[in-house]
Amino acid sequence: MPEPISPRDRLIVALDMASTDEAERLIARIGDAASFYKIGYRLGYAGGLGLAERLVRGGHKVFLDLKLHDIGNTVEEGVQSLAGIGATFLTVHAYPQTMRAAASGRDKAGSGLKILGVTVLTSYDDADAREAGYALSVADLVAVRAAAAKAIGIDGIVCSAAEAAQVRAVIGPDRLIVTPGIRPTGAEIGDQKRVVTPAEAMRAGVDHVVVGRPITAAADPRDVARRIVDEMATAL
Ligand SMILES: O=C(O)c1cc(=O)[nH]c(=O)n1[C@@H]1O[C@H](COP(=O)(O)O)[C@@H](O)[C@H]1O
């Protein structure tokens, strides 16, 4: 069985900010209310990889959300380049060829970086999947991709917590389930479509929740982070 994860370490704050200065100010305001930060497109393309290294050196955990997807050779080499940063997680889109290449890059680098396969984005519903050319429902597509991720040896799955119980049945207890699209009750939903509260996510068997705007846009980000951690602790 995997190691137990503390409620605080289950929260991953998405640093979707325009600059590293802005991100560092937010991290300072959050203080010890969070320990795990995600760097995605916006910050990653604006100096975020350097910040990732500084955060790792400072004892934080980092999730590089770069959602790689390209020909196998390019993905494998990209993963090998990123492995030196010291991040805990890196995302790739959950296409079998891409996941095989990422697993190979991870194994060649031997860094302990965990690869997460993004199944179906939480901003998609069944109509969006149909529009993109898929005949399957979102739930079925998530299950197919989770099964492929497990077979290939990917370390974890990104999906909505709405599919977490079904994904857990597919991947078993040893791989991670990481869920964005998390909204505390009453929070603005924005462009997310498959949203779940922090407590419901824990009850569904999720390992980590990813929360961006409900924390980053709050008047008191530390207070919101604390409340989310407390809500998860009571549901575990
Ligand atoms: O891979 C991700 O982290 C991700 C996958 C997904 O399906 N949905 C999703 O929202 N995300 C990311 O999770 C974060 C959610 O942010 P908020 O909607 O502001 O909480 C963003 O940084 C997204 O890029």
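About the criteria used
Residues numbered from 1 in each chain as written. Predicted model: local features only at pLDDT ≥ 70, side-chain atom pairs only at ≥ 80, totals over all residues. Heavy atoms only, no water. Helix = DSSP H or I, 4+ residues; strand = E, 2+ residues; numbered from the N terminus. Rg over C-alpha atoms; globule rule 2.2 N^0.38 Å. Buried < 20%, exposed > 50% of the residue type's maximum accessible area, 1.4 Å probe, protein only. Contact = heavy atoms within 4.5 Å. Polar contact = N/O pair within 3.5 Å; in protein donor to acceptor, adjacent residues only side chain to side chain. Phe/Tyr/Trp six-rings, centres within 6.5 Å; stacked < 30°, edge-to-face > 60°. Near = heavy atom within 4 Å. Areas by Shrake-Rupley, 256 points an atom, 1.4 Å probe, with all protein chains shown as cover. Nonpolar A, V, L, I, M, F, W, Y, C, P; charged D, E, K, R; others polar. Salt bridge = Lys/Arg side-chain N within 4 Å of Asp/Glu carboxyl O. Expected span 1.5 Å × (residues − 1).

(A) Quick look at the overall build of the protein. Along its length, the protein carries eleven helices and eight strands. The C-alpha radius of gyration of the protein comes to 17 Å, within 12% of the 18 Å expected for a compact globule of 236 residues. Principal axes of the C-alpha set define a box for the protein whose edges measure 40 × 40 × 35 Å. Counting only residues that meet the buried cut, the protein has 51% of its 236 residues in that class.

(B) Local environment of the environment of Leu90. Considering the arrangement of structural elements, one finds Leu90 in strand 4 (residues 89-93). Overall, Leu90 belongs to the buried group, its relative accessible area being 0%. Expressed as a C-alpha distance, the spacing of Leu90 and Lys38, which sit 52 residues apart in the sequence, is 9.6 Å. Dropping the residues within four chain positions of it, Leu90 is found in contact with Leu64, Leu66, Leu68, Val79, Leu82, Leu113, Lys114, Ile115 and Leu116.

(C) Expanded view of the environment of Lys67. Structurally, the position occupied by Lys67 is in strand 3 (residues 61-68). For Lys67, a relative accessible area of 21% gives the class partly exposed. In the structure, Lys67 is positioned 27 residues away from Ala94 in sequence and 9.1 Å away in space, judged by C-alpha atoms. Apart from residues lying up to four places away in sequence, Lys67 is in contact with Tyr41, Thr91, Val92, His93, Val118 and Leu121. In this structure the side chain of Lys67 is engaged in a polar contact, spanning 2.8 Å, whose partner is the side chain of Asp65.

(D) Representation of the packing of aromatic side chains in the model. Scanning the model with the defined rule gives three aromatic pairs in all. A ring pair is formed by Tyr41 and Tyr45, whose centres lie 5.9 Å apart and whose planes are at 35°; its orientation type is tilted. Of the two residues, Tyr41 and Tyr45 are both situated in helix 3 (residues 41-57); the distance of four residues between them amounts to about one turn of the helix. A relative accessible area of 45% places Tyr41 in the partly exposed class.

(E) Molecular detail of the site of the ligand. The environment of the ligand is made up of 16 residues, and the closest members are Asp16, Lys38, Thr122, Arg183 and Arg213. Contact between the ligand and Lys38: an oxygen atom at 2.7 Å from a side-chain N or O atom of the residue. Take Arg213: an N or O atom from its main chain is 2.7 Å from an oxygen atom of the ligand. Relative to its free-state accessible area of 510 Å², the ligand is covered by the protein chains to the extent of 89%. Those elements giving two or more residues to the shell around the ligand turn out to be strand 3, strand 8 (208-211) and helix 10 (213-216). For the shell around the ligand, the per-class residue count stands at seven nonpolar, three polar and six charged.

(F) Highlighting the pattern of salt bridges. Counted by the stated rule, this structure contains twelve salt bridges. Here Glu24 and Arg54 are joined by a salt bridge, their closest N and O atoms 3.6 Å apart. Of this pair, Glu24 sits in helix 2 (residues 20-30) while Arg54 sits in helix 3, and the two are 30 residues apart along the sequence. Judged by relative accessible area, which is 34%, Glu24 ranks as partly exposed. Lys108 is paired through a salt bridge with Glu76; the nearest N and O atoms lie 2.5 Å apart. You can see Lys108 sitting in helix 5 (residues 96-109) and its partner Glu76 sitting in helix 4 (residues 72-82), a full 32 residues away along the chain. Note on Lys108: relative accessible area 55%, which makes it exposed.

(G) Structural view of helix 7 (residues 138-152). Given a rise of 1.5 Å per residue, 15 residues ought to cover 21 Å, and the 21 Å separating the end C-alpha atoms of helix 7 matches this to within 8%. Considering only its buried residues, helix 7 is in contact with helix 5, helix 6 (126-131), strand 6 (156-158) and helix 8 (164-171).

So yeah, pure geometry; function would need other evidence.
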